[in-house]
Amino acid sequence: MADQGKPATSFTAQVNKEALTRYAMTDREDFHDIDRGFLAGFPPVVKNDAGDVVIDGPAMDWITDETPCPDEVNPSLWRQSQLIKRAGLFKVVDGLYQIRLSANITIVDAPDGLVFIDCGLSTVHAKEGLALFRKETGNDKPVAAVIYTHTHFDHYGGVKGLVDEADVKSGKIPIVAPGTIESFDTHAIGENVITGNAMSRRMGYTFGLMLPRCECGLISGGIGANNDGMNPSFSYISPTDPITKTGEKRTLGGWEFEFLYAPDTEAPEEMHIWIPAISALTCAENANHTMHNIQTIRGARTRGRSQFRSLPGRDARALGRSGGGSFRTAHLAGLGQRDGEGVPGESA
Ligand SMILES: [Zn+2]
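Treat the numbers as computed from the prediction; the structure is a model and nothing was measured. (Residues numbered from 1 in each chain as written. Predicted model: local features only at pLDDT ≥ 70, side-chain atom pairs only at ≥ 80, totals over all residues.)

Draft legend 1. Inspection of the overall build of the protein at higher detail. Along the backbone of the protein there are nine helices and 15 strands. Buried positions account for 45% of the 348 residues belonging to the protein. Taking all contacts inside the protein whose residues are at least 6 apart in sequence as the whole, residues at least 24 apart take part in 72%. (Helix = DSSP H or I, 4+ residues; strand = E, 2+ residues; numbered from the N terminus. Buried ≥ 20, exposed ≤ 12 C-beta atoms within 10 Å, placed from the backbone. Contact = placed C-beta atoms within 7 Å.)

Draft legend 2. Examining the sheet that holds strand β9 (residues 175–178) more closely. An order of β1-β4-β5-β6-β7-β8-β9-β10 is seen for the eight strands of this open sheet, with the pairing classed as mixed. Either end of the sheet is taken by a strand with one partner, and the two such strands are β1 (38–40) and β10 (241–243). Strand-to-strand twist of the sheet, defined as the mean angle between neighbouring strand axes without regard to direction, takes the value 25°. Pairing analysis gives three bridges linking β9 to β10, with the strands arranged parallel. Its bridge partner lying in β10, Pro178 is registered against Ile243. Across the sheet, helix α4 (residues 123–137) lies against β1, β4 (88–93), β5 (96–100) and β6 (105–110), angled at about 60° from β4, the strand it touches most. (Pairing = 2+ DSSP bridges. Axes fitted to C-alpha atoms, helices over the stretch in contact; angles between N-to-C directions.)

Draft legend 3. Geometry of the environment of Phe234. Locating Phe234 in the fold gives a position in the loop between α8 (196–207) and β10. On the basis of neighbour count, Phe234 is assigned to the partly exposed category, with 18 C-beta atoms found within 10 Å. Taking the C-alpha atoms as reference points, Phe234 and Gly120, 114 residues apart in sequence, are found 9.4 Å from one another. Discounting chain neighbours no more than four positions away, the residues touching Phe234 are Ser122, Phe153 and Gly157.

Draft legend 4. Fine view of the environment of Ser326. Along the polypeptide, Ser326 turns up in strand β15 (residues 325–326). Separated by 44 residues in sequence, Ser326 and Thr282 place their C-alpha atoms 5.3 Å apart.

Below, the structure is given as structure tokens:
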């Protein structure tokens, strides 16, 4: 797109300047938190088999930690963009790693195998991320299981970059997901395949995907470095192991996982996960370091406001405060970061 955008009007500049007073901009602790556990980054540029650029790290280089917020950008969005441009492999705590690019792929390093919690936006993200994990850690454990936290495509789209579909079909690798299999398929496929063309077109406008990356154009997609947003390669495999009640447990890779069903929240089918062995809770996308919305412009189903607000608190109080912490499925991990942090849901 040739249009390079227009500079802020005096009105916009004034509104953004006033917004500065509403945020604790002198608190730069998040810069420390976001780098914690960083092990390795992706190659700067990665192309798919067709030669299209699918990861473009330098595209974010114009945003640095020290670049002051331009008149055109809300200061909170600017700070978040400075933080989430960090992509790569992170060790969160012993037994828990994350691949961050778009939505996070969390790798649970259980005794008998790896358990993936969510799969990222695209197969390239997943494949490159898993290769990075294997190379940096030397960990060659087999894949024990995949867990989808909810029905949004940036959480299952990379699944075929992590596992072979034949291994799922044969029952060797289970895919655990919230809701019945029929319900998960309906919402995942219904939202992103049946209405996929319309929704991806609207999504292009919502997130400004075709705008140039500059202060008058695209700043960030809000959930991660998002430098794999162009030419993504989506995939999908139906889940095999449904979770329909809070309190259901599975042993995966030798560790127990407890599931807390949270339907009709940020997605029609969603769940939270407690891993006792490492005292780790995730409230999926119901409690992330991002701005939540109830009615999405791209046309996804309107979120269930009541449960969206209350269920993270329910699970954080019940489990997170039993001595553990939380990790998130996009952006900052949370767990192992600031003292006293780690319990989501208080403001979610
Ligand atoms: Zn989501």
